[in-house]
Amino acid sequence: MKKNTHLFFNRICAIAIVAVFIALACLLQPALAADKQYRFVMVSHIGSNDPNMKWLTLSLEEFEKRYPDVDTEYNYAYQYSLQKNVQYSVQEHVRLIEQIVATTPDGIAVPIVSSDAMEGPLRKAIERGIPVVAFNIPDTRPEGKRIPYLTYVGGDEYLTGKRLGEFAIAQAKAGQIPQPKKVMCANQNGIHQGLKARYHGMKDAMKAIGVEVEELFIGADPAKARNTMKSYLSANKDVNYIFTVASWSSPWAWNVANDMGLDPDADKKGMTILTVDASPVALGGVKRGHILACNSQGFWLQGYIPMEWLYWNKTLNYEPQSDFLTGPVVIAGDKVEEWEGLVRNIFGDAYDEQITW
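For clarity, every value in this text was computed on a predicted model and none was experimentally measured. (Residues numbered from 1 in each chain as written. Predicted model: local features only at pLDDT ≥ 70, side-chain atom pairs only at ≥ 80, totals over all residues. Heavy atoms only, no water.)

## A closer look at helix 9 (residues 280–287)
Then comes step 1: Buried residues dominate helix 9, accounting for seven of its eight residues.
Then comes step 2: Listed as buried for helix 9 are Pro280, Val281, Ala282, Leu283, Gly284, Gly285 and Val286.
Then comes step 3: On the buried face of helix 9, the contacting elements are helix 8 (250–259), strand 10 (294–296), strand 12 (329–331), helix 11 (335–347) and helix 12 (350–353).
Then comes step 4: The first or second residue beyond helix 9 is Gly289, which carries a positive phi of 80°. (Buried < 20%, exposed > 50% of the residue type's maximum accessible area, 1.4 Å probe, protein only. Helix = DSSP H or I, 4+ residues; strand = E, 2+ residues; numbered from the N terminus. Contact = heavy atoms within 4.5 Å.)

## Quick word on the sheet that holds strand 3 (residues 107–110)
Then comes step 1: Here six strands make up an open sheet; going across it, the order is 2-1-3-4-5-11 and the pairing parallel. Every other strand in the sheet has two partners, leaving strand 2 (70–76) and strand 11 (324–327) as the edge strands with one partner each. Neighbour-to-neighbour, the strand axes of this sheet turn through a mean angle of 15°, independent of strand direction.
Then comes step 2: Pairing geometry for strand 4 (residues 132–135) and strand 5 (residues 152–155), over two bridges, is parallel. In the strand pairing of strand 5, Phe135 is matched with Val153.
Then comes step 3: Sheet strands touched by helix 2 (residues 53–66): strand 1 (38–44), strand 2 and strand 4. Its angle to strand 2, the strand with the most contacts, is close to 170°. (Pairing = 2+ DSSP bridges. Axes fitted to C-alpha atoms, helices over the stretch in contact; angles between N-to-C directions.)

## So, the side chain of His192
Then comes step 1: Relative to the helices and strands, His192 resides in the loop between strand 6 (182–187) and helix 6 (193–207).
Then comes step 2: By relative accessible area, which is 7% here, His192 ends up buried.
Then comes step 3: Leaving out residues up to four positions away in the same chain, His192 has contacts with His45, Val113 and Ile137.

## Description of empty space enclosed by the protein
Then comes step 1: A full pass over the atoms with the stated rule returns one cavity of 30 Å³ or more.
Then comes step 2: Here the largest cavity defines a volume of roughly 280 Å³.
Then comes step 3: Residue lining of the largest cavity: 24 residues in total, with His45, Ile46, Asp50, His192 and Leu195 positioned closest to the centre.
Then comes step 4: When residues in the lining of the largest cavity are grouped by element, the largest group, three residues, is from helix 6.
Then comes step 5: Residue classes in the lining of the largest cavity are distributed as 10 nonpolar, 10 polar and four charged. (1 Å grid on protein atoms, 1.4 Å probe; cavity = no way out; pocket = protein on both sides within 12 Å on 5 of 7 lines; lining within 4 Å. Points joined across faces, edges and corners; volume = space filled by probe spheres on them. Nonpolar A, V, L, I, M, F, W, Y, C, P; charged D, E, K, R; others polar.)

## Structural notes on the sheet that holds strand 9 (residues 272–274)
Then comes step 1: Strand order across the open sheet formed by four strands is 7-6-8-9, with parallel pairing between neighbours. Single-partner strands in this sheet number two, and they are strand 7 (212–217) and strand 9. Across the sheet, the axes of successive neighbouring strands diverge by a mean angle of 20°, strand direction being ignored.
Then comes step 2: In the packing of helix 6 onto the sheet, contacts are made with strand 6, strand 7, strand 8 (241–244) and strand 9, and the angle to strand 7 comes to roughly 160°.

## Things to note about the packing of aromatic side chains
Then comes step 1: This model, assessed by the stated rule, comprises 13 aromatic pairs.
Then comes step 2: Ring centres 5.9 Å apart and planes at 85° place the aromatic pair Tyr38 and Tyr311 in the edge-to-face group. Highlighted residues: Tyr38 in strand 1 and Tyr311 in helix 10 (residues 299–316), separated in sequence by 273 residues. One exposure class covers both Tyr38 and Tyr311, and it is buried. (Phe/Tyr/Trp six-rings, centres within 6.5 Å; stacked < 30°, edge-to-face > 60°.)

## Section: the environment of Gly120
Then comes step 1: Tracing the sequence through the fold places Gly120 in helix 4 (residues 115–127).
Then comes step 2: Since its relative accessible area comes to 47%, Gly120 is described here as partly exposed.
Then comes step 3: Sequence separation of Gly120 and Glu98 is 22 residues, and the distance between their C-alpha atoms is 9.3 Å.

## Here we look at the nonpolar core
Then comes step 1: The biggest cluster of nonpolar side chains holds 58 residues, and the ones touching the most others in it are Phe40, Phe63, Met184, Met229, Leu233, Leu283 and Met307.
Then comes step 2: For this core, the element with the highest residue contribution is helix 10, accounting for seven residues.
Then comes step 3: Ignoring sequence-local partners within four residues, the contact set of Phe63 consists of Phe40, Val70, Thr72, Tyr304, Met307, Glu308 and Tyr311.
Then comes step 4: Grouped together as the second largest cluster of nonpolar side chains are 24 residues, Val90, Leu96, Val110 and Ile137 included. (Core = buried A, V, L, I, M, F, W, Y, C linked by side-chain atoms within 4.5 Å.)

## Details of unusual backbone geometry
Then comes step 1: Note that the residue after Gly327, namely Pro328, is joined by a cis bond; omega there is 20°.
Then comes step 2: Looking at the secondary structure, you find Pro328 in the loop between strand 11 and strand 12.
Then comes step 3: Residues other than glycine seldom take positive phi values, yet Thr104 does so here, at roughly 50°.
Then comes step 4: Looking at the element boundaries, Thr104 is found in the loop between helix 3 (90–102) and strand 3.
Then comes step 5: Residue class for Thr104 comes out partly exposed when judged on its relative accessible area of 46%.
Then comes step 6: For Asn317, which is not glycine, the phi dihedral falls at a positive 55°.
Then comes step 7: With respect to the secondary-structure elements, Asn317 resides in the loop between helix 10 and strand 11.

Structure follows, in structure tokens:
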């Protein structure tokens, strides 16, 4: 009897110990699943005062939900600031890349704002075994000469300018807006490869119908930019189209043209203005009839997909065979309502705060 009691007691103890281990395993499982095995860093030129940053940071959060073993970081160089007039600096961006490379992350996503300036630190990262994905802005040099990153994820900024130009030409032929005579392209940063590509795309679109496109460097300071545009428009009476290659400068252009009595709304007379991106200010301009059209370059995808390529490269040694274009998509007319709803879901209460019309 005592022997049976002893065996029974041992079995109870064994069952209890197993139950404890099972309970501990259940408790530890979420923690183990959440252990971070990889660290991917996005080193961006898009900062906290740029409305597009929200797309990127939210997509990184969504990526971490699906891949809980990855820690993502978002870093940015000096950004354009409408409030403080802090300008983006390529030199600061390069310094930031060098700092990140020194910490040996498992992967880096970066816009190639300047191929010449960024080539050194990015080649050093790749030589150290750190995979690099370009996003938002590619190295536009031919393959074999460009920085040997895994792939590019983003819009084609040349096509952004070209598609917007072609859309405007089609609308003019349909009698919805005036025929273009000369286009002023307002650019705040003369060394930004993506902005230059937008200008060249617009230039080639208008070249097909014999219309000149002239680039005007306006800077990032609102007052100086307005004065520069006013002086240019005063001296170039034949300009009846304005293309702002950053959406936040489109209200400046509209205000200048409106103050000069150039009738800048998107109608059959006066000045016609086009801008870029599915940002609140751009969509607000289209909705109010101040802007003819803007575009989406798929910013959310530009945050998520680079991280996924880095993950597949690290875990599966998978190398993409081509670049991944996320845009452009022209937004105008009845499309703006649908896009406004989508973008409001991203920005929430901050959406209306971004509209500066």
